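Summary of structural features
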Amino acid sequence: MELLPCEGEPRRVPLAELLRCLEHALSEEQAWALCFQCCCRMQQLRPSLHAVVIKGSGSVFLHADGTASFKVHQKSTGSYVGNAQQLEEKLLEYLGVVIYEALDWGIDSQVERELSEPLEKLLSLMLKLDNEAMKLVVTLQDVIKICEDRLPRPSEAASHYKGTCRSLFTEYMELQKLLSIIQTSKEVFQHQPLALLIPPLYAHLAELWPAVIRELQSGVRLHKALGRPLHRAPPQERAYSPYELLADDIRQKRYTLRKVSHCTRWTSLK
């Protein structure tokens, strides 16, 4: 049973807003899922496919249930010209651009992200990046089949990719709730004595959250505790009593004691 969003919560979010909020690019698995969901949605809209608008990440929407949708052109003539096959190829090309930008989001322009060979081939096919891809006729069903065949169980592709997109939407909503709590805390404590301390604390937490997510996605390597040098505090000197000092002197034979006879002792006592 799927959980429905609470009243007042958004049921869909533009991909551009999601990337801006999470402050990290899509993972490869999320890119596969988004591609699959978008192609399935376009197949459902096939009678009116000419009305679909894909121009940048702001025109692709992710829903709370894990599905995807697009902006729809209001005019009956649509925004693309050509037959059904040309229309599919053009939409796949625009979708490929959106996915590629989402994979490259937030990365330095001088750095090129390395993609796995299957995903790179898929994007090359959708974007017509080489001569071989230019000669091939690519349909929505072809891309869906590629997305299915990469999984150990292709028959479970729909549920797998839907769950991946739903998790991505949930991650966005959790961060939105955290930011809302931070904003509310700022307003509540702005007239309190600790108002100068609490806002920076929560602001730091908001900046830390995306970094934590990135670390969890990329993996965190823990250092072995045994490999770390142990820093032991030097032993503190304690004060000895006179009796302890005398006993230590006797043990160390620092002084020579003279023997006392019984007669001498009795005479001294008298």
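Residues numbered from 1 in each chain as written. Predicted model: local features only at pLDDT ≥ 70, side-chain atom pairs only at ≥ 80, totals over all residues. Heavy atoms only, no water.

Looking at the overall build of the protein
- Helix and strand counts for the protein stand at 10 helices and 4 strands.
- Counting across all 270 residues of the protein, residues that qualify as buried make up 33%.
- Within the protein, residue pairs in contact and separated by at least 24 positions form 73% of the contacts whose partners lie at least 6 positions apart.
- In the structure as shown, the protein presents an accessible area of about 19300 Å², 56% of it carried by carbon and sulfur atoms. (Helix = DSSP H or I, 4+ residues; strand = E, 2+ residues; numbered from the N terminus. Buried < 20%, exposed > 50% of the residue type's maximum accessible area, 1.4 Å probe, protein only. Contact = heavy atoms within 4.5 Å. Areas by Shrake-Rupley, 256 points an atom, 1.4 Å probe, with all protein chains shown as cover.)

Some thoughts on the nonpolar core
- Core analysis: the largest hydrophobic core is formed by 56 residues, its most contacted members being Cys39, Met42, Ile54 and Val143.
- Those elements giving two or more residues to this core turn out to be helix 1 (15-22), helix 2 (28-44), strand 3 (60-63), strand 4 (68-72), helix 3 (84-103), helix 4 (117-127), helix 6 (140-149) and helix 7 (157-189).
- The element best represented in this core is helix 7, accounting for 10 residues. (Core = buried A, V, L, I, M, F, W, Y, C linked by side-chain atoms within 4.5 Å.)

Looking at the confidence of the model for the protein
- On average, residues of the protein score 79 in pLDDT, and 73% of them are at 70 or above.
- Between the elements of the protein, mean pLDDT differs from a low of 50, seen in helix 10 (residues 262-269), to a high of 95, seen in helix 6.
- When the criterion is pLDDT under 50, residues 1-7 qualifies, and its contacts beyond four places in sequence or with other chains add up to 6 contacts. (pLDDT = per-residue confidence, 0-100.)

Concerning the packing of helix 2 against helix 3
- It is at 10 Å that the axes of helix 2 and helix 3 come closest, and there the two elements cross at 155°. One finds that helix 2 runs roughly antiparallel with respect to helix 3. Relative to helix 3, helix 2 is oriented so that their crossing is right-handed. Residues Glu28, Ala31, Leu34, Cys35, Cys38, Cys39 and Met42 of helix 2 lie in contact with helix 3, whose contacting residues are Leu91, Leu92, Leu95, Ile99 and Leu103. (Axes fitted to C-alpha atoms, helices over the stretch in contact; angles between N-to-C directions. Parallel < 35°, antiparallel > 145°, perpendicular 65-115°, else oblique. Left-handed = near helix turned anticlockwise from the far one by under 90°.)

Structural notes on the packing of aromatic side chains
- Counted under the stated rule, the structure contains 2 aromatic pairs.
- Taking 4.9 Å as the distance between ring centres and 35° as the angle between the ring planes, the aromatic pair formed by phenylalanine 36 and tyrosine 161 counts as tilted. On the criterion of sequence distance, the pair formed by phenylalanine 36 in helix 2 and tyrosine 161 in helix 7 is long-range, its members being 125 residues apart. Exposure class is identical for phenylalanine 36 and tyrosine 161. Each is buried.
- Taking NZ or CZ as reference, arginine 12 lies 3.9 Å from the ring centre of phenylalanine 61, over its face. (Phe/Tyr/Trp six-rings, centres within 6.5 Å; stacked < 30°, edge-to-face > 60°. Lys NZ or Arg CZ within 6 Å of the ring centre and 35° of its normal.)

Considerations on the environment of valine 138
- You can see valine 138 is positioned in the loop between helix 5 (131-135) and helix 6.
- Judged by relative accessible area, which is 4%, valine 138 ranks as buried.
- The contacts of valine 138, once residues within four sequence positions are left out, are Gln85, Glu89, Leu92, Leu125, Lys128 and Val143.

Thoughts on the side chain of serine 124
- Within the secondary structure, serine 124 is located in helix 4.
- What serine 124 contacts, discounting residues up to four positions off in sequence, is Leu129, Asp130 and Ala133.

Concerning the pattern of salt bridges
- Under the criterion given, the structure shown has 8 salt bridges.
- Close ionic contact of lysine 90 with glutamate 93 constitutes a salt bridge, the shortest N to O distance being 3.6 Å. In this pair, lysine 90 and glutamate 93 are both assigned in helix 3, 3 residues apart and thus about one turn of the helix distant.
- In this structure lysine 90 comes out as partly exposed when scored by relative accessible area, which is 31%. (Salt bridge = Lys/Arg side-chain N within 4 Å of Asp/Glu carboxyl O.)

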